[in-house]
Amino acid sequence: RDWLRREKALTCVTKSTSHGSSVESQLAEAERAAEEATRLAEESRTTADNLAKESKEKKSTVDTAELEARVDELKVEKEKALLAVEAAKAVQEEAEVEVTGYKNRLANNQEILARAKKDSAEAVTREAKDKRIRVSAFLAHCKAIELKGCTEETEKETTS
């Protein structure tokens, strides 16, 4: 029974560790996506600012309507990038919560495994002790029978 409990605990710990690793890789991917989205947002913001600056400087020589349209496009791209950043942050937060849950379960399963190992060791020790007691009792019984035989022989010899 103790062996079975220990094997079940080991299996549970292994599954938790594997799933925790999967969640951690998802978290890493979410962090990477958030960084990429932030980088894209910064690039879009910088490009939009530069184009706005250029349009002010070149108002007389460049078609401002074309530049304003491009600035508007870049603003839309910036908003999309910001939304992507927010979505990535939400995914990251969910993944962190899930990782915390798996870490807690892993710690709990490790405690259970440690207790199962301890219980198993104690059971083995008890079983060995019980066996020694049975052997001692058997040897004492054999010795008693031997002594009884010796006593009977001695009595026969003394009565003869």
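Look up: the structure comes first, before these words.
None of these values were measured; they are calculated from a predicted model.

1. Notes on the environment of Leu27
Point 1. Summarising the element assignment, Leu27 is placed in helix H1 (residues 2-57).
Point 2. Its relative accessible area of 13% is what places Leu27 among the buried residues.
Point 3. It is 8.4 Å that separates the C-alpha atoms of Leu27 and Val99, two residues lying 72 residues apart in sequence.
Point 4. Once you skip the residues sitting within four places of it in the chain, Leu27 turns out to touch Gln92, Ala95 and Glu96.

2. Describing the pattern of salt bridges
Point 1. This structure, assessed with the given rule, holds six salt bridges.
Point 2. Of the charged contacts, one joins Glu36 and Arg39 as a salt bridge, the two residues approaching to 2.4 Å between their closest N and O atoms. Of this pair, Glu36 and Arg39 both sit in helix H1, three residues apart, roughly one helical turn.
Point 3. Judged by relative accessible area, which is 30%, Glu36 ranks as partly exposed.
Point 4. Put simply, Arg45 and Glu42 hold a salt bridge, and the shortest N to O gap is 2.6 Å. Placement of the pair is Arg45 and Glu42 together in helix H1, with a separation of three residues, close to one helical turn.
Point 5. A relative accessible area of 26% places Arg45 in the partly exposed class.
Point 6. Residues participating in the shared-partner salt-bridge network are Glu36, Arg39 and Glu43.

3. Remarks on the environment of Ala33
Point 1. Summarising the element assignment, Ala33 is placed in helix H1.
Point 2. With a relative accessible area of 29%, Ala33 lands in the partly exposed category.
Point 3. Once the C-alpha coordinates of Ala33 and Ala88 are considered, the two residues, 55 residues apart in sequence, prove to be 6.3 Å apart.

4. Digging into a negative patch on the surface
Point 1. Taken together, the side chains of Glu31, Glu35, Glu86, Glu93, Glu94, Glu96 and Glu98 make up a negatively charged region of the molecular surface.
Point 2. For the negative patch, the secondary-structure elements that each account for two or more residues are H1 and helix H2 (64-159).
Point 3. Tallying contributions element by element places H2 first for the negative patch, with five residues.
Point 4. Following the sequence through the fold, Glu31 ends up in helix H1.

5. So, the environment of Lys117
Point 1. Mapped onto the fold, Lys117 is located in helix H2.
Point 2. The exposure class of Lys117 is partly exposed, given its relative accessible area of 43%.
Point 3. Taking the C-alpha atoms as reference points, Lys117 and Glu7, separated by 110 residues in sequence, lie 9.9 Å from one another.

About the cut-offs
- Residues numbered from 1 in each chain as written.
- Predicted model: local features only at pLDDT ≥ 70, side-chain atom pairs only at ≥ 80, totals over all residues.
- Heavy atoms only, no water.
- Helix = DSSP H or I, 4+ residues; strand = E, 2+ residues; numbered from the N terminus.
- Buried < 20%, exposed > 50% of the residue type's maximum accessible area, 1.4 Å probe, protein only.
- Contact = heavy atoms within 4.5 Å.
- Salt bridge = Lys/Arg side-chain N within 4 Å of Asp/Glu carboxyl O.
- Patch = residues over 30% accessible without salt bridge, like charges linked within 9 Å, V, L, I, M, F, W, Y side chains within 5 Å.
- Areas by Shrake-Rupley, 256 points an atom, 1.4 Å probe, with all protein chains shown as cover.
- Lys, Arg positive; Asp, Glu negative; His and termini not counted.
- Charge placed at Lys NZ, Arg CZ, Asp CG, Glu CD.

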